[in-house]
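# Residue-level structure breakdown
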Amino acid sequence: MATNLTATADILPACVIHKILCHLSYGEATLMRILSKTWLQAWSTLPSLEFRVGYFEDTEIMDSIMESYRDNKIFIDKFECSNCLKSNSRYQVFPLIHKWLFIALQNGVKDIVYGDPHHLIRSYPFPIFNVLAGNSLRELVLEGCNLKHVRFPSGVANYGSLRKLSLTKMQWDQHERIAASPQNCDPPSGHFTCQH
């Protein structure tokens, strides 16, 4: 019986399987990887990644996936990461998040979404200007990050391909808040949202 299932699951060419997986949510696509090696291979090269760090054990799997994308130079269209750790030692994950962001940038990421629902415990010091320097970045959506270490540039900044910048529930220095206003960020024909 298992042989028939595998044979049926593999009747589609890999490019068609990849297209099917791209139209599913990341969670649904993840479930499909068990159908066969062909489906697993297609899943392991999806251009849209969604990570939810709920436990420290999750980071090993995520790190392995990101290293595979880096080593194989697999294009990343969208990188979404939620840091849902509740403990005070959540800062131990920050270097990995930093690493994953730069792998995504290196692999041509267009959209980055980072969320931290527990940002009041200790929030990730997001490297916003390093990320904005990415030439391919189209959208940057941040919630619950720490920007206290950031010194915003004076004058207007132009970030090439950026079309959407959304900053919500951010932590930043009181004096820098004025510099983070929409008139100092110029995403060409884009959208700027800033909520504290």
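Since we're looking at a predicted model, the values are computed, not measured.

Once that is clear, we can look at the packing of aromatic side chains. Applying the stated criterion across every chain yields a total of six aromatic pairs. Plain terms: the ring middles of tyrosine 124 and phenylalanine 126 are 5.9 Å apart, the flat faces sit at 90° to each other, and that makes the pair edge-to-face. Like phenylalanine 126, tyrosine 124 is buried. Three or more aromatic residues link up through ring pairs in this structure, and these residues are Phe94, Tyr114, Tyr124 and Phe126.

Our next topic: the pattern of salt bridges. Under the defined criterion, the tally for this structure stands at seven salt bridges. Of the charged contacts, one joins glutamate 143 and lysine 169 as a salt bridge, the two residues approaching to 3.5 Å between their closest N and O atoms. One end of the pair, glutamate 143, is in strand E4 (residues 139-143); the other, lysine 169, is in the loop between strand E5 (164-168) and strand E6 (191-195), and 26 residues separate them in sequence. Residues joined in a network through salt bridges with shared partners are Asp63, Glu67 and Lys99.

Reading guide: rules and limits
- Residues numbered from 1 in each chain as written.
- Predicted model: local features only at pLDDT ≥ 70, side-chain atom pairs only at ≥ 80, totals over all residues.
- Heavy atoms only, no water.
- Phe/Tyr/Trp six-rings, centres within 6.5 Å; stacked < 30°, edge-to-face > 60°.
- Buried < 20%, exposed > 50% of the residue type's maximum accessible area, 1.4 Å probe, protein only.
- Salt bridge = Lys/Arg side-chain N within 4 Å of Asp/Glu carboxyl O.
- Helix = DSSP H or I, 4+ residues; strand = E, 2+ residues; numbered from the N terminus.

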